[in-house]
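Tertiary structure, described
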Amino acid sequence: MFAVLKSTRKVTLSVLGLATAALLAACEPGGITSGGPSINTSEPVPVALLVPKGSAQSGDAVLAQSLENAARLAIGDLGNVQIDLRVYDTAGDAATASAVAQQAVGDGAKIILGPVYAQAANAAGLAVLNKNVNVLSFSNNTNIAGGNVFVLGPTFDNTAKRLTGYAAATGKGNIVVVHSNDEAGQLGRAAITNAINATSATQSGSVAFERSQQGVINSIPQVKATVDSSGAQSLFFTATTAGALPLFTQLLPEAGVSTVDTQYIGLTRWDIPAQTLELPGVQGGWFALPDPSKSQNFKARYSATYGGAPHPIGGLAYDGIAAIGALVGSGNSNALTGAALTQSAGFQGVGGIFRLLPNGTNERGLAVATIQDKQVVVIDPAPQSFSGAGF
């Protein structure tokens, strides 16, 4: 099954007649016109998977294997669609990613899935731009999106839009943004501000803080004063559970910004790591997450197949294969064009519905969750279609 080609591991997996085991239903493609290679859907479609194996970064080998495993699991769920999966190692390096992307297209790849890191994904996209091949990267960095490069990773914009819309709909749309003054914080603040401007919510203030313990402590009086003077109903944090969030959720209630009177909202997951759920200050807070039942189903199937849990972003490889398989299953020779990939109906992935947007970013159907008695409770389910509530 494995034929080693220099830095490439070529794996051909063709699965027939497994429709009953499939988790996915192919969405009807529409407006498929240009921006990608022509394919023969009656033959196995060559797909290149670029993974960061070989890098010096701890954990990249595990990540690479998880992505490959998830892709194989997805191929097994495609029914009569045949995918010829060819795996290439990038070493997590932009120059290597560029070289293997060109090699993959030279080997016949009709679309590239990966790489993970933004610089590598950008390099891979540029390397095959004149080959009319699209790249579905695992990055969530929207700065590299566009042209022939799409990002599959969850984005701040998507999460901010979901949570801001829910806040506005539930009477908590007067929002103060609390963000770190580094690049990640600025990107998060911009995403929240854009989401507020796109809904009936209002931004009543913004407080920046330095990413340090003293920086958080110094910002507490300003956050309280901004809430008090504006009558804000919600605080929207860019802080993560591994960063400033635990300190904010301890100090702000102590300073008089009660979680009973002011809704705490997070731009990132508050249920990871699980011990975060024990913190008193996060009780009642809101955050967004993929459809929990579908995510758990994927994790259970992955564990049963491979004997361990998938990497947190391993499911992105499944999603990429799911989208490719759904489109190839339509039987159209132009199934992998930009127009086809961005069809509005979207696709079913490991965490629910998702779709790729013409600007190279993505939109995912997310649930809104809260924390009650140290448990995650979904308070607004993930939408099941892009025409439903939540969009």
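Residues numbered from 1 in each chain as written. Predicted model: local features only at pLDDT ≥ 70, side-chain atom pairs only at ≥ 80, totals over all residues. Heavy atoms only, no water.

1. So, the pairing of strand S12 (residues 263-266)
On S12, burial covers both faces: Gln-263 and Ile-265 on one face and Tyr-264 and Gly-266 on the other are all buried. Pairing geometry for strand S11 (residues 234-237) and S12, over 4 bridges, is parallel. Bridge pairing in S12 places Phe-237 opposite Gly-266. A crossover links S11 with its parallel partner S12, the connecting element being helix H7 (residues 245-254), and its sense is right-handed. (Buried < 20%, exposed > 50% of the residue type's maximum accessible area, 1.4 Å probe, protein only. Helix = DSSP H or I, 4+ residues; strand = E, 2+ residues; numbered from the N terminus. Pairing = 2+ DSSP bridges. Right-handed = clockwise from strand over helix to strand, strands pointing away.)

2. Some points on the environment of Val-149
Take Val-149: it is sitting in strand S8 (residues 149-151). The exposure class assigned to Val-149 is buried, which follows from its relative accessible area of 3%. When the C-alpha atoms of Val-149 and Thr-361 are compared, they prove to be 8.8 Å apart, with 212 residues separating the residues in sequence. Val-149 has contacts with Ala-121, Gly-125, Val-135, Ser-137, Ile-144 and Gly-360, leaving out every residue within four places of it along the chain. (Contact = heavy atoms within 4.5 Å.)

3. A short note on the sheet that holds strand S15 (residues 352-356)
On the basis of which strands lie adjacent, the open sheet formed by 3 strands has the order S14-S15-S16 and antiparallel pairing. Edge strands, defined here as strands with exactly one partner in the open sheet, are strand S14 (347-349) and strand S16 (362-364). In this sheet, neighbouring strand axes are inclined to one another by 35° on average, regardless of whether the strands run parallel or antiparallel. Of the pairings in the sheet, the one linking S15 to S16 comprises 3 bridges and is antiparallel in character. By the bridge assignment for S16, Arg-355 is matched with Glu-363. Relative to the sheet, helix H9 (residues 315-328) contacts S14, S15 and S16, its axis offset from that of S14 by approximately 150°. (Axes fitted to C-alpha atoms, helices over the stretch in contact; angles between N-to-C directions.)

4. Considerations on unusual backbone geometry
Following Gly-114, the chain continues into Pro-115 via a peptide bond in cis, with omega recorded as -5°. As for its placement among the helices and strands, Pro-115 is situated in the loop between strand S6 (111-113) and helix H3 (118-128). Geometrically, the link from Ile-272 to Pro-273 is a cis peptide bond, its omega value of -5° lying close to zero. Within the fold, Pro-273 resides in the loop between S12 and strand S13 (286-290).

5. Digging into the pairing of S11
Residues Ser-234 and Phe-236 point to one face of S11 and Leu-235 and Phe-237 to the other, with burial holding for every one of them. Judged from the 4 bridges that link them, strand S9 (residues 174-180) and S11 form a sheet pairing that is parallel. Across the sheet, residue Val-176 finds its bridge partner in S11, namely Leu-235.

6. With respect to helix H2 (residues 94-106)
The terminal C-alpha atoms of H2 lie 18 Å apart, and with 13 residues this matches the ideal 18 Å at 1.5 Å per residue to within 8%. Ala-97, Ser-98, Val-100, Ala-101, Ala-104 and Val-105 are the residues of H2 that are buried. Looking at the buried side of H2, the elements it contacts are strand S4 (45-51), strand S5 (82-89), S6 and H3. The residue sitting at the N-terminus of H2 and contributing the capping side-chain oxygen is Asp-93; that oxygen lies 3.2 Å from the backbone nitrogen of Ala-95. (Expected span 1.5 Å × (residues − 1). Polar contact = N/O pair within 3.5 Å; in protein donor to acceptor, adjacent residues only side chain to side chain.)

7. Structural notes on the domain arrangement of the protein
On domain assignment, one finds that the protein holds domain 1 (45-153 + 293-360) and domain 2 (156-289 + 368-380). Inter-centroid distance (C-alpha atoms) of domain 1 to domain 2 is 32 Å. (Domains from an automatic or database assignment.)

8. Considering the nonpolar core
Counting 45 residues, the largest nonpolar core has Val-47, Ile-83, Leu-136, Phe-138 and Ile-321 as the members making the most contacts within it. Of all the secondary-structure elements, those providing two or more residues to this core are S4, helix H1 (60-75), S5, S6, helix H8 (292-306), H9, helix H10 (338-341) and S15. Sequence-distant contacts of Leu-136, that is, excluding residues within four places in its chain, are made with Ile-111, Ile-112, Leu-113, Gly-114, Phe-150, Leu-152, Gly-320, Ile-324, Leu-341 and Leu-356. The next biggest cluster of nonpolar side chains, apart from the first, holds 28 residues, and it includes Ala-232, Ala-239, Leu-245 and Leu-252. (Core = buried A, V, L, I, M, F, W, Y, C linked by side-chain atoms within 4.5 Å.)

9. Some words on the pattern of salt bridges
Side chains that differ in charge, positive against negative, can pair when their charged atoms come close. The full count for this structure, using the stated rule, is 11 salt bridges. Of the charged contacts in the structure, one is a salt bridge between Glu-363 and Lys-161, with a shortest N-O distance of 3.3 Å. Here Glu-363 is found in strand S16, whereas its partner Lys-161 is found in helix H4 (residues 156-169), with 202 residues between them in sequence. When its relative accessible area of 8% is taken as the criterion, Glu-363 is described as buried. (Salt bridge = Lys/Arg side-chain N within 4 Å of Asp/Glu carboxyl O.)

10. Considering the packing of H4 against helix H5 (residues 183-197)
Two elements in contact, H4 and H5, have axes separated by 8 Å at closest approach and are oriented at 45°. As judged from the angle between their axes, H4 and H5 are oblique. Helix-helix and strand crossings are classified by hand; for H4 and H5 the assignment is right-handed. Note on element contacts: H5 touches H4 through Ala-184, Leu-187, Gly-188, Ala-191, Ile-192, Ala-195 and Ile-196, opposite Phe-156, Asp-157, Ala-160, Lys-161 and Thr-164. The residue makeup of the contact of H4 with H5, split by class, is 8 nonpolar, 2 polar and 2 charged. (Parallel < 35°, antiparallel > 145°, perpendicular 65-115°, else oblique. Left-handed = near helix turned anticlockwise from the far one by under 90°. Nonpolar A, V, L, I, M, F, W, Y, C, P; charged D, E, K, R; others polar.)

11. Section: the side chain of Thr-155
Within the fold, Thr-155 resides in the loop between S8 and H4. Once residues lying within four places of it in the same chain are set aside, the contact partners of Thr-155 are Asn-140, Thr-142 and Asn-362.

12. Focus: H7
Every α-helical turn comprises 3.6 residues, leaving residues that sit three or four positions apart pointing alike. Within H7, burial applies to Leu-245, Phe-248, Thr-249, Leu-251 and Leu-252. In this structure, the buried residues of H7 make contact with S9, strand S10 (202-209), helix H6 (213-230), S11 and S12.

13. Focus on the UniProt feature "domain: Leucine-binding protein" (unreviewed entry) in the protein
With numbering aligned to this structure, UniProt lists the feature "domain: Leucine-binding protein" (unreviewed entry) at residues 44-373. Within residues 44-373, the helical portion is 39% and the strand portion 22%, while the C-alpha atoms at the span's ends are 50 Å from each other. (UniProt positions renumbered as here; feature names shortened; annotations may be inferred.)

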